[in-house]
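# An overview of the molecular structure
What follows is the residue order along each chain.
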Amino acid sequence: MTSGVTTAADTELRERIRRTLRSQKQRTITVLSSLLAVQHEIKYVPEVAIEETAHFIKGATINDVWSVASFYTNFRFTPPGDHTVEVCWGPSCHIKGAQHVLRAVQSELGLDREGETSDGKFTLRYNTCLGACAHAPVIAIDHVHHGRITPDSAVRHVKQARSKPAPGH
Amino acid sequence: MTAPFEQLKTRAQQRWNELTAGALPWIRVGGGVSGEAAGAHEVTLALNKAIEKANRRANVTRVGMLGLCYAEPLVDVQLPGGDRIFYANVTPEKAAEIVQTHIAHGVPEASLAFAQVPAPGGSGLAGVPDLNDLPTMKRQVRIATRNSGHIDPRDLLQYVANGGYAALDKALTGMTPAQVLDEVKNSGLRGRGGAAFPTGTKWSFLAGNKSPVKYILCNCEEGDPGAFNDKGVLESDPHTLLEGLILAGYATTSSNGVIFIRQGHEEPIEAARKAVQDAYDAGLLGKNILGSNFSYDVEVALTGDSYVAGEETALMEAIEGKRSMPRYRPPFPAQAGLWQKPSNINNVKTLSYVPQIIANGGAWFKGVGTPGSAGTAILCITGEIQRPGMYELPMGMTIREVLNQIAGGPPAGKRIKVLQTGGPLGGVLGESDFDVQIDFDAMSKTGAILGSGGIIVGSDDVNVVDLTRNLVAFNQFESCGKCFPCRLGTTHMVEVLDRICQNKARAGDRELMERIGQSMKVGSLCGHGQLGYNPILSAFKYFAAEFDELVKDHKGPVGAFADGTMIVPTRTRP
């Protein structure tokens, strides 16, 4: 949250957001494209990014930017965990036992809903469709898909991720 | 043929000859999201390692998805000028064996092989079936997916070597825009995004508008769980879509095209971006395409997670950078669409048929399929079935034929009880209607829809009320919130279904859902609310007894867990 003091880290983050906004290459640049670019680069949308996007897009207010950011369910406003575990709950996966996979992953992570583990190692997300329905049930860890998963193999994949550094480090 | 295209073709042919009959073996690994989920990445690593260990060299390429998902990871090896030998369900260990026999010793091992495409004039490898004789391939008519799994989607030249952009060249050199439009009208092509509207008619609304800026928007916001054919075509053969998009632009005298994809699907996004860039570099996009008077620009636009963004007016809102909520109509997109300019929205698959329609003529396309539904259906068959996959089949086969003859029927010892078709706004289908033809109109008559082509198969193990709850929970999660009958109706219906599954049904719950569904239908602006009740309505039609068991007789709970609960996301739109 905003406090009165601006640290060096705040300034650096703001600069990084500005660079990200400016470096969009496509022809059509909008509030949404800007927010997507920020989340792609920083892995979440910090509060200053809302402000910066409103400055960057002509005619956009902070309200406009919030309205878009709060609508699309992929946007998040706090840093994610080191690893992201996505479990598909679409109907193909549902029929093939996704609920048991979800429960097993929840219990491995000590979570009872989507969100971050207290040690900041993992983010758990339920995905409406990971797109590899022929291999249901499907999970994705750090955006790598694993198909024909069982509760046990899902837990195994999570454990493997636990011992690895966060992607990009 | 234009001179620029002739030069491109010559280069493409050289490239193809190098790959298929050059100095090195060509190994194609079936990739895409589906291949990856099956382990294609690990298999590619193992292949490369084994090749290095054997001190050999080979071209190892990640191609797109052939569609035979049950056989993934799928690898095929072609020695220079030789047969293509396919290996199925390849593990890293099997990859090493393949390299040892086929690459190091130069002799394919028939016992390891799954199928083959013999070299022209050759008889192939004894004891290995021809790929095109496999039950999953034999009846396919591959038009939009003709290159899927055969070429590198990142290589424009491979597309051109297989006949790509010849239709565009043909149109630009010998056909007027009106003639291209007529060809599409005559083909009987109908939209593959779900609404099945005649494509030629849709295009003619745009062609008639004289505005200098007009858009064709290609919808790849494939949100339907259980359908992966849009992403499949895009990640396997992006140029077939792009050529279709440019032809659509020519036929309607438009100025701009936009390919619309959800962020997060990296492979299709990268494939689309590279295809667009390569097409610009080759003179297939931009000013004076192939030296003609026609100029056209295409860009890739990304969206965030929102199922409703696939609705045509919501899609335009998303491209404009706003919340993807549907607009009021009129004005219709062909009058005032993206940025208030005349626009047409076409699905990926619809556009991907167009190059072959122009190359072979509209009458040829109309000759495939049924009188009312010309061409093919690109079906994604998943769930409890022996051979899940993506199959491009002529319209007119019955669902039962597709399930049993193509997809291999249910797993041993099980019986197919229920199908979920056309996405979560579609519905469920019971056995009494399994003999319905795959055809837009025949399917609609059952109350189900063909929609985008997803067919999810459930056996007797599936409780239909629980499946319905899953579908309605999706519709609730994805409601954009603009129309309150949809926003509140879906929420209320999930509550009711939840208590039914948990054995806490109240008298009148069925009637209550009917009332809510009716309000949603009349009180919602777009298909999401209008059709959001379909899963329940269709489940009542075929599986009323299963509801009665829970609502009247309290024979629950049902679902994955003993208490009848279901885990669903808690993030909602504010």
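Residues numbered from 1 in each chain as written. Chains lettered and ligands numbered in written order. Predicted model: local features only at pLDDT ≥ 70, side-chain atom pairs only at ≥ 80, totals over all residues. Heavy atoms only, no water.

## A look at the overall build of chain B
Scanning chain B for helices and strands turns up 22 helices and 14 strands. Against the globule reference of 25 Å for 574 residues, chain B gives a C-alpha radius of gyration of 25 Å, in line with a compact fold. The buried share of chain B, reckoned over its 574 residues, is 63%. The contacts in chain B between residues at least 6 apart in sequence include a share of 70% that link residues at least 24 apart. Averaged over its 55 positive side-chain charges, chain B has a centre that lies 4 Å from the centre of its 59 negative ones. (Helix = DSSP H or I, 4+ residues; strand = E, 2+ residues; numbered from the N terminus. Rg over C-alpha atoms; globule rule 2.2 N^0.38 Å. Buried < 20%, exposed > 50% of the residue type's maximum accessible area, 1.4 Å probe, protein only. Contact = heavy atoms within 4.5 Å. Lys, Arg positive; Asp, Glu negative; His and termini not counted. Charge placed at Lys NZ, Arg CZ, Asp CG, Glu CD.)

## A few points about the sheet that holds strand β2 (residues 59–63) of chain B
All names here are of chain B. Here we have five strands laid out as an open sheet, ordered β2-β1-β3-β4-β5, and mixed in their pairing. Only two strands of the sheet have a single neighbouring strand rather than two, namely β2 and β5 (115–117). Pairwise comparison of adjacent strand axes, ignoring direction, gives a mean angle of 20° for this sheet. Across five bridges, strand β1 (residues 26–30) lies against β2 in parallel orientation. In the sheet register, W26 faces β2, and the bridge partner there is N59. (Pairing = 2+ DSSP bridges. Axes fitted to C-alpha atoms, helices over the stretch in contact; angles between N-to-C directions.)

## Digging into the pattern of salt bridges
Residues and elements named next belong to chain A. Inspection of the entire model under this criterion finds 41 salt bridges over all chains. Between R14 and E51 there is a salt bridge; the shortest N-O distance is 3.2 Å. Placement of the pair is R14 in helix α1 (residues 8–22) and E51 in helix α3 (residues 47–56), with a sequence separation of 37 residues. Owing to a relative accessible area of 24%, R14 belongs among the partly exposed residues under this scheme. (Salt bridge = Lys/Arg side-chain N within 4 Å of Asp/Glu carboxyl O.)

## Let's talk about the side chain of Q263(B)
Mapped onto the fold, Q263(B) is located in the loop between β7 (256–262) and α12 (266–281). Look at Q263(B) and you get buried, because its relative accessible area is 15%. What Q263(B) contacts, discounting residues up to four positions off in sequence, is L36(A), H40(A), N74(A), I269(B), L302(B), T303(B) and D305(B).

## Some details on the domain arrangement of chain B
All names here are of chain B. Here chain B is partitioned into domain 1 (18–130), domain 2 (165–366), domain 3 (376–459) and domain 4 (464–561). Centre-to-centre, using C-alpha coordinates, domain 3 lies 22 Å away from domain 4. Contact residues are listed per partner, giving 13 residues for domain 3 and 17 residues for domain 4. Between domain 3 and domain 4, a total of about 1200 Å² is buried, with carbon and sulfur atoms accounting for 65% of that surface. It is P424, L425 and V428 that lose the most area in domain 3 upon contact with domain 4, and together they represent 49% of the buried surface on that side. Counting across the domain 3 and domain 4 interface gives two salt bridges. (Domains from an automatic or database assignment. Buried area = accessible area lost by both parts, 1.4 Å probe.)

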